[in-house]
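# A structural walkthrough
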Amino acid sequence: MNPRLSLVAAATLLSLPAQALAAEERAFDVPKGSLSTALPVISRQAGVSISVVDAKLWQARVKPVRGRMRVEEAILRLLKGSNARAVRVSATSWRIERRAPAPRVAHRAAPPPRQVPQHRAREPAHDMVAAAQDEIIVTASKTDLPYSHFAGVVTQLSGGDLAFGGERGMESILSRTATVSSTHLGSGRNKLFIRGIADSSFTGPTQSTVGQYLGDIRLSYNAPDPDLRLYDVDNVEILEGPQGTLYGAGSLGGIIRVVPKAPDPRAMSVQAIAGVSLTQHGDPGGDIAAIANLPVGDDGHALRLVGYMLTDGGYIDNPLRGQNDVNRVHVRGGRGAFRFDAGNDWTVDLGGVYQSIKSNDAQYADKAADPLTRNSMVEQNASARYGLGTIVIMKDWDGLHFQSSNAFIDHRLFERFDASLPEAPPGSVASTGAVDVERLFAPVQVTPLSTVPRVLDQRNATRMFVSENRLSRPYHDGLGWVIGASFIDNRARQNREYGYGPLRAVLPGVTNKITEVTGYAEATVEVMPDLIAAGGIRLSHARLGGMAEGVSFALAQAGRATTASRNETDLLPSFSLLATPLHNLRLYARYQEGFRPGGLAIDGDFVRRFLNDQVRTWEAGVRFGDKGQSLFDASIAVSHSRWRNIQADFIDSAGFPTTANIGDGRITSVSGALAMRPTETLTFELGAVYNHSRVDDLALEILPVFASAPGRLGRIPNVASHAVRGSVNYATVVGDEDFRVNSWANYIGPSRLGIGPVLGESQGDYIDTGVAMRIGNDRRGLSLTLTNLFDSRGNRFSLGTPFVEGNEGFMTPLRPRTLRIAVDVAY
């Protein structure tokens, strides 16, 4: 199977031998009209990926296509009589370009358009911002809007690029983008941020600032990134900036949308991948995955299955416990989808996802100890289990598209933190052998060298039902629109307890409940040639509730006013303009809003309320050049955001993480990308981002927490002030085999761990590097990947455990230099 296919239309073809595709006949029902109307329809019905080189061809009139025929015949019939022609790029993709002008009498014939040689090993990199005339379809716009008509920043990463060099989940995305960042507690425990919109280091009750989607299914609400492995993925779309109108709550910074490959009813295919990795200063690891596509019957049904197992070798030693390489991580998971062709252009997709992550110990080290070493008296293991079941119903007719996406999510996370106690002085109750329970389960304030082992266990459980129903007119003839409604019911529970050997003491916990009903609409209109306007609105009504867990009945009754149900209503408008003064130059301006609802957070012996927060963003940008066609292309975007009632986690006076509205802030972000292609086989890419943030209006209720260190407030946490990413991609043919090499280097600038005096430590300011290569063909391949070329340490994250003082003594290093060797086969 060739994984190097880009999504450039609304649907893409799964891997298939070229002979079977060329000979097979399919049923087509494509109405006449403009190419922009017909292309998504014929792409879906044919199961192929179709790109358009010249943006002006989108308005070309095309013929209707009806009946059973081969894919090639259907595309040629569609374009008959137009000024466009189709060129087969591979067995699964086509390119539509303008026909060469006919020769004129007494004039020299005009030369044909420049053809880009189609090297079999050529894999156009998509790990920078896409330029205008790739004519990538932004399916996350919900109207199949061509990127040349989209006023905003979209980064599209192809599934082939993400898998190249080894699948690493969210790490694969982070290493290919400069504007997306993350905490680094460990796989399945991290929070994601885009373009400087970050709140805290902990997984508390606040909703994420980044919306994560698998297809059109929301993955979580107020849970950490599940870090699903990205096997068998068509592409990943990243929309920067608030996306409140289309995606609602929890998209303050943007969205990350993973598009999995769909079941293909035309032919069976099987792929297997296996690799072994060797980590310097650590244990070896390995990965294995299998992908199968199985047609079911002759009526257009199909089943697609993905399964995988990965182990990342540990590299952190704990001399205090006499253990080496303690931080090994195990990942097991799978995904399945069954496509049912119900007839009359109705399609039903049934799907499921399950993934389990187990971390043997924490990922951090002590700054003052030897490299890659931590002295901890307890094992800080963690586990995450994520389950998802989906039903998606779709229909296309008369240029319209209906889709109903429904899912149930169960997400559970267990974390153990070191909360060890100072050793009791001689003569005390504890030193004489009796158990001082009050002292044993008191908050930790100091951590001297001599300590008594104690742990704090935290359990998060989230269950969510989500349903979205929408009707859209995919953009064509200068108009596209979508109207929809969604329903979300989310329950999130967090429990904590201290543990000292067999003894347990329950601490206050919290349950948050939210039921949200939303209606939204957005339209994109070409108001005049080369000027496109878009506008939309979203109205959300949420009912919030919850309760304190692990508290006495009397205390719960006394705090009923705090936990009582309440309602919130939010109205989110958006509008944008995009102008094309030159055929390869686009200017745009955009306004968008995002919000997160309020909730309850643990506060001492009970809980407290926090309010909803809201981001308003103004953005302007320029895109120049034709990605993949011209010698170079570039883009730059400038945004300014006002963030009201920032929800953030901080360490309270008792030493526990809690959540509050800390005040108002502002964020200015400048991002840019540049790609250069000096030859057909060589590509250079560069991306960078600068973030300037400030909390400038501190809330009165938390002033006492910051009184001891007012200068520690400053910047919004966990986002580097600047980051730079560069890559070099070389692809050619060696004999009968494809050969590709990709190398990259990422610089992550300095940032701060969190808000307040305890979490004000610095982190970041490091360089991560890597190189990957593969030689092979569509059927088999051999890969070699080397990461962290210079074996640097860095400090990705300064949080070790929040339940002891001394956060300045912790660091999370980069994985040491690691070599991976892998083979892949496809049938």
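All values reported here derive from a predicted model rather than from experimental measurement.

So, how was this worked out
- Positions within a chain are numbered from 1, following the residues in the order the chain's sequence is written.
- Local features in a predicted model are, by the rule used here, given only for residues with pLDDT of at least 70; side-chain atom pairs are given and counted only at 80 or more, and totals for whole chains, interfaces and linings are based on all residues.
- Hydrogens and water are ignored here; the side-chain numbers use all heavy atoms of the structure.
- A 1.4 Å probe rolled over the protein chains alone gives each residue an accessible area, and that area as a share of the maximum for its type sets the label: buried under 20%, exposed over 50%, partly exposed in between.
- For the purposes of this entry, the term helix denotes a DSSP run of H or I that reaches at least four residues, the term strand denotes a run of E that reaches at least two, and both are numbered from the N terminus.
- An arc is given here, and it is the one of the directions from the helix axis to the C-beta atoms.
- Any Lys or Arg side-chain nitrogen found within 4 Å of a carboxyl oxygen on Asp or Glu counts as a salt bridge.
- Confidence per residue, as judged by the predictor, is encoded in pLDDT with a range of 0 to 100.
- Here a residue-residue contact requires only that any non-hydrogen atoms of the pair lie within 4.5 Å.
- Only strands joined by at least two bridges in the DSSP assignment are considered to pair.
- We call Phe, Tyr and Trp rings a pair once their centres come within 6.5 Å, taking the six-membered ring for Trp, and we label the pair stacked below 30 degrees between planes, edge-to-face above 60, and tilted otherwise.
- Only when the NZ atom of a Lys or the CZ atom of an Arg is both within 6 Å of the ring centre and within 35 degrees of the ring normal do we say a charge sits over the ring.
- Only buried residues count toward a nonpolar core, which is a set of Ala, Val, Leu, Ile, Met, Phe, Trp, Tyr and Cys residues joined through side-chain atoms within 4.5 Å.
- By definition here, a helix of n residues has an expected span of 1.5 Å times n minus one.
- Like charges within 9 Å and nonpolar side chains (Val, Leu, Ile, Met, Phe, Trp, Tyr) within 5 Å are joined into patches, using only residues over 30% in relative accessible area that form no salt bridge.
- Surface exposure here means Shrake-Rupley accessible area, sampled with a 1.4 Å probe, where a residue is shielded only by the protein chains that are shown.

### Details of helix 3 (residues 71-79)
- Buried within helix 3 we find V71, A74, I75, L78 and L79. The buried residues of helix 3 occupy an angular sector of 125° when the element is viewed end-on, so they sit on one face.
- One or two positions beyond helix 3, positive phi appears at G81, with a value near 85°.

### Some remarks on the pattern of salt bridges
- Under the counting rule described, the total for this entry stands at 44 salt bridges.
- We note a salt bridge from D227 to R229, for which the minimum N-O separation is 3.0 Å.
- Taking the relative accessible area as the measure of exposure, R229 reaches 6% and is therefore buried.

### Quick notes on the confidence of the model for the protein
- Confidence in the prediction of the protein, expressed as mean pLDDT, is 84, and 85% of residues score 70 or more.
- Low pLDDT, under 50, characterises residues 1-22; the stretch is placed with 85 contacts to residues that sit more than four places away or in other chains.
- Note on residues 444-449: pLDDT is under 50 here. Beyond four places in sequence and across chains, it has 14 contacts.

### Remarks on the sheet that holds strand 15 (residues 233-240)
- The strand order 10-15-16-13-14 describes an open sheet built from five strands, whose pairing is mixed. The strands lining the two open edges of the sheet, one partner per strand, are strand 10 (154-158) and strand 14 (217-218).

### Thoughts on the pairing of strand 43 (residues 762-776)
- Inspection of the sheet shows strand 42 (residues 737-752) paired to strand 43 by 14 bridges, in the antiparallel sense. Opposite S743, over in strand 43, you have V771 as the bridge partner.
- Both strand 43 and strand 44 (residues 780-787) contribute to a ladder of seven bridges, which runs antiparallel. Across the sheet, the residue bridging to G770 is T787, located in strand 44.
- In this antiparallel pair of consecutive strands, strand 43 and strand 44, the connection spans three residues.

### Side note on the environment of G545
- With respect to the helices and strands, the residue G545 is situated in strand 30 (residues 531-549).
- Residue class for G545 comes out buried when judged on its relative accessible area of 7%.
- In sequence terms G545 and T562 are 17 residues apart; their C-alpha atoms lie 9.4 Å from each other.
- Dropping the residues within four chain positions of it, G545 is found in contact with T511, N512, K513, T563, S565 and R566.

### So, the packing of aromatic side chains
- One pass over the full model with this rule turns up nine aromatic pairs.
- These aromatic residues form a ring-pair network of at least three members: F575, Y591 and W618.
- Positioned over the ring face of Y498 is R454, at 3.8 Å from the centre of the ring.
- Directly above the ring of Y147 sits R623, whose terminal nitrogen or CZ lies 4.1 Å from the centroid.

### Comments concerning the nonpolar core
- Residues I173, V236, I238, I256, L388 and I409 are the most contacted members of the largest nonpolar core, which totals 36 residues.
- Of the residues forming this core, the biggest block, four residues, is contributed by strand 23 (residues 382-397).
- Aside from chain neighbours lying at most four places away, what touches I256 is I173, V180, L192, I194, V210, G211, Q212, Y213, V236, E237 and I238.
- L35, V71, A74 and I96 belong to the second-largest nonpolar core, a separate cluster that totals 27 residues.

### Considering the environment of G314
- Considering the arrangement of structural elements, one finds G314 in the loop between strand 19 (301-312) and strand 20 (329-343).
- Taking the C-alpha atoms as reference points, G314 and N327, separated by 13 residues in sequence, lie 4.4 Å from one another.
- Apart from residues lying up to four places away in sequence, G314 is in contact with G282, D283, D325, N327 and R328.

### Topic: helix 2 (residues 35-46)
- If you check helix 2, its first and last C-alpha atoms are 15 Å apart, about what 12 residues at 1.5 Å a residue would give, namely 16 Å.
- In terms of residue burial, helix 2 counts as a mostly covered element, since 11 of its 12 residues are buried.
- Note on helix 2: the residue one or two positions beyond its end, G47, has a positive phi of about 70°.

### Regarding a nonpolar patch on the surface
- Together, V276, L278, V734, M773, I775, L782, L784, I821 and V823 give the surface a local cluster of nonpolar side chains, amounting to about 700 Å² of exposed area.
- Contributing elements (two or more residues each) for the nonpolar patch: strand 17 (269-279), strand 43, strand 44 and strand 46 (818-826).

### Concerning unusual backbone geometry
- Unlike most non-glycine residues, D398 shows phi in positive territory, near 50°.
- The residue N645 is not glycine, and still its phi comes out positive at about 55°.
- Mapped onto the fold, N645 is located in the loop between strand 36 (632-644) and strand 37 (647-651).

### Remarks on the pairing of strand 40 (residues 682-698)
- Where strand 39 (residues 663-679) meets strand 40, 15 bridges bridge the pair, whose relative direction is antiparallel. Counterpart to V670 in the pairing with strand 40 is Y690.

### Topic: the environment of T580
- Mapped onto the elements of the fold, T580 is located in strand 31 (residues 566-582).
- Along the primary structure T580 and S148 are separated by 432 residues, whereas in three dimensions their C-alpha atoms are 9.1 Å apart.
- The residues touching T580, leaving out its near neighbours within four places in the chain, are D530, L585 and R586.

### What about the side chain of D791?
- Within the secondary structure, D791 sits in the loop between strand 44 and strand 45 (810-811).
- Not counting the four nearest positions on each side in its chain, D791 is found in contact with Q280, H281, P816 and R817.

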